Structure formats: structure tokens, C-alpha cells
Amino acid sequence: MDVDNDIYTPDNLKSNVWRHFGFSNIQGKITKKDKVTCRICRTKLSYHGTTSNLRAHLSTLHTGKLEVEGVKVGGLGPRQARIDTMLSPSRGLPYARQSKATDLLTRFICEDMRPINAIYGSGFQALIHELEPRFNIPCFRTISGNITKLYETTKDGIREMLCGEKLGLTTDGWSSLATESYVTVTAHFIDEDWEMRNVVLDMSELQTAHTAANVSACIDKVLQEFQVPRESVLAITTDNATNYVNAVERYLRITDIPCMAHTINLAARKGLSERSVATAVSRLKAAAQHFKHSPTDSYLLEAKQKLLGLKPVQLINDCATRWNSTYDMICRAADQQAPVAAVIMEKKLSRLELSSVEWTLMEKVKDVLQPFKVATQALSTEAYPTASAVLPLQYVLLKQLKPSIDDPAGVKQMKTMVSTDLKARYGPNKGAFLLLNTASYLDPRFDRLVHLDTYLAREIP
């Protein structure tokens, strides 16, 4: 037994690392068996039966303290050196292998978007030490410099990749949690192997007002950095924001294509603003919020669901910027109508109760929105081009929006509002109309152009 004031090392712990560690004790009795204390720096470490993290602590913070030769621990004589001590970190890796491992560590941080200070984590260091004790983890400055070099190398490769290619761009603005504004530009093209490629060119900070002139200057700067002439850009897809549309069409003189998924979102949101529909939707949203913030009623809802033989699930709350979350909220509420109504009645929550007329309205709204949900899922992909499907999908959705005799007045008004908004985005007077129809004509699925009137179809080259 080794007693050093308040640090105690039992005799049965024979690893040489225990020369530098021990347990907190009171009169020779261990107080915590899952914590050990470093005799050198008094740092407390977790202990679960293995000494890997203890060795990592010594090799990282107290280099040279973990001797290769046998040492006397707990009154025992010299011990034969272990194989892993013969691979002591002090010997180091060969330069080529150390350099390759450093490059892989740099790529790990970049590709997995980890903070550089992850290399200082005790768990990460223990893992590296266990896998290769001789690897010297680089410092923050080295990794930061390698990231800069990797960025420049990757940028040169992208610049060469884009040379001579015809491109389609997508761009959008967004703000970080620190309220910093950025403009992202992504390039899309078909490579020499006829594979579709998507490359994020830049995420430029925009410190000035988000006017069309400033946005266009930001996009133009990105194109110049990658040596892409404007003539090589066939079109730029935006989210219908006026400043971005004007930046593309008025300042850059490039065809602007409204994002179809975002267009559907705007049109659906317009329809959901119809007064009777909005009132019923707001009640569903209030119900979802109530059950989310009331554990008691949430447990009661679960009990009612089990009693009715339904799978216990929570109600879905919608997001104001994503119409399909409203669709999902309506679908979930419709499926759980019986147990929700039972809880509302039992707890006398009349403000959350929908009338039979409102439930019928929600069922109709769900039917109206279902094709839009399918269309959004079909368009939300990076695996294949979707430009050829834009106008045919618009044609199909408009057909689905034709009013029916048995539609409630609110649903009829909703369909009219959605149709009006959807038609305005891709009219014949828009610059993208010819380009999108040409894409449809080149797609065997839509080459008959049934979505066009005869006189318009003749104008497609």
C-alpha cells in the first residue's frame, strides 16, 4: 500500500501508471472508486477498470513520466516491459506516416465539420493514443494552417473542374445565430462522365444592405473567383425574393428560375390563410402546443390512445416557413381525432375543440394539400435534374385545384387563392418559361408538352 497524504494506491494495482495515480481516501479507506487523482497535477480522472485515459493523461501532459523500463509500484520489484511500452510515444512515427495521419485528421475536421479544439478533448486523445501511441497530435496552429491549404487546393480543383462547363446556379441568403448575413452560391453541372455534380462555390458574408445591386455584386464576385464567365451560366434558381430575382435578371442579365418547392410553399401558405381554414388550423396548433407543454394531459392522451388501440404518438406542431409541416399536423390530428377529443372533453378544454364542421373542413384541406406534398418530395432531390418536371407538375397541380360541387365555401376559396398564386410564378411572359419548356421537351416523359396550349408548344425549338 502506498499512502501519499490523501492519495492511496492499493497493492493489487500493478501497472506502472499507478506510480502517478491514486484514489482519494480517509484513513486508508477509498472514498470514490470511480475517480483517481494525478499525483503530479492533482487532476481528477474517471476510472472504470482500465488505464487508457490515465496513460493518455501522462503522455500528453507529463511527457517522460511514463518510463519504458520496469518501475517499482506498490512495493513490487521490477516488471518485464510490455509490448506497448516498446512503442513509446517518445519514439515518434516516421515522418511520412505522421504527415499522412495529420492530413487525415485535417480532413476529418473539415468533412465532418468539427471544431478544431476537438483535438484537445480527453476522449479523442485517449482514442488516438490507444490506436497509435506514437502519433503526435498537431497543435491548433498546424491544423488551422492545413485547413487553409486544403481549402486552396480544393478551390483550385473546383476551378479546373468548372472550366468550359455550362452551369446552373442556385443561390439564397440566410443569417447565422450571430445575426451575420451570408449569400450561398452552388453550381450544378453534368461532368464528362454524364454524372450530375453539385458544388458549393462560396458562402460570402454580406455586410451591406440586401439590395439587388449588392446581392448581384456578391454573386458576380464568386463567379470571378472561380473564373466562370456569365455566358457559361444558363440560369440561376432563387426563392422568389424580389431582391434576388432583380439581382439575377436586372443586374447579372441571367435567366431567373423560381424554385418550384419554394413556389409551392408560397402558394400553399396563401391558401392556408383563408379565414375559415386558418381558424381551424390555429386551433389544431394550439392543441399541439398544449399537449407539448402539459405532461399531465400528454400522459392522459397516451392512455386514451392505448385504450382505443392506437399507437401512442404526439401531435405535430407546424413551422411557419414550411407548409408541409402544417399538412403533417393536420394528418396527425385527423388520425388522433378520437383520443384528442376525449381528453379535451374530460379536461374541459373547450378552446381547443374543433366542431364537426371544422373537422370536415380539415379533411378536405388535407385532400387539397396531398398532391402538393408529393410534388415537394419529388422536387427535393440533388440526385437528378428536376427542371423538366416543373411546368408539368404545375399543370397537374392546377388541375387538382379545380373546385368541386361538394367543396365547402372555405375550400373553394382556398383553391382559388392557391391557383392564382401558382399561375403567376411561371407565366408565358416570364424569362424561365422557354427554358423550362425546352427542358420538358428534351425529357421523354414530357416531350409531348401536354401541359401547353398548341400555339405555345409550337414556339418550343
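Residues numbered from 1 in each chain as written. Predicted model: local features only at pLDDT ≥ 70, side-chain atom pairs only at ≥ 80, totals over all residues. Heavy atoms only, no water.

(A) Focus on the packing of aromatic side chains. The tally for this structure, following the rule as stated, stands at five aromatic pairs. Ring centres of Trp18 and Tyr47 lie 5.2 Å apart, and the angle between their planes is 85°; on these two criteria the pair is classed as edge-to-face. Taken together, the residues Trp18 in the loop between β2 (7-9) and β3 (21-26) and Tyr47 in the loop between β6 (44-46) and α1 (52-61) connect sequence positions 29 residues apart. Overall, Trp18 belongs to the buried group, its relative accessible area being 3%. Relative to Phe124, the ring of Phe108 has its centre 6.2 Å away and its plane inclined at 10°; by these criteria the two rings are stacked. Residue Phe108 is found in helix α3 (residues 95-111), and its partner Phe124 is found in helix α4 (residues 122-131); the two are separated by 16 residues along the sequence. On the basis of relative accessible area, Phe108 is assigned to the partly exposed category, the value being 31%. Judged by its relative accessible area of 18%, Phe124 falls in the buried class. By way of ring pairs, the aromatic residues Trp18, Phe23 and Tyr47 are connected into one cluster. Taking the ring centre of Phe226 as reference, the NZ or CZ of Lys155 above it sits at 5.6 Å. (Phe/Tyr/Trp six-rings, centres within 6.5 Å; stacked < 30°, edge-to-face > 60°. Helix = DSSP H or I, 4+ residues; strand = E, 2+ residues; numbered from the N terminus. Buried < 20%, exposed > 50% of the residue type's maximum accessible area, 1.4 Å probe, protein only. Lys NZ or Arg CZ within 6 Å of the ring centre and 35° of its normal.)

(B) Region of interest: the packing of helix α9 (residues 275-293) against helix α13 (residues 356-379). Remark: α9 packs on α13, axes separated minimally by 10 Å, with the N-to-C direction vectors making an angle of 100°. Comparing their axes, α13 and α9 come out roughly perpendicular. Of the residues in α13, those touching α9 at Ser276, Val277, Thr279, Ala280, Val281, Arg283 and Leu284 are Glu358, Trp359, Leu361, Met362 and Val365. Residue composition of the contact of α9 with α13, by class: eight nonpolar, two polar and two charged. (Axes fitted to C-alpha atoms, helices over the stretch in contact; angles between N-to-C directions. Parallel < 35°, antiparallel > 145°, perpendicular 65-115°, else oblique. Contact = heavy atoms within 4.5 Å. Nonpolar A, V, L, I, M, F, W, Y, C, P; charged D, E, K, R; others polar.)

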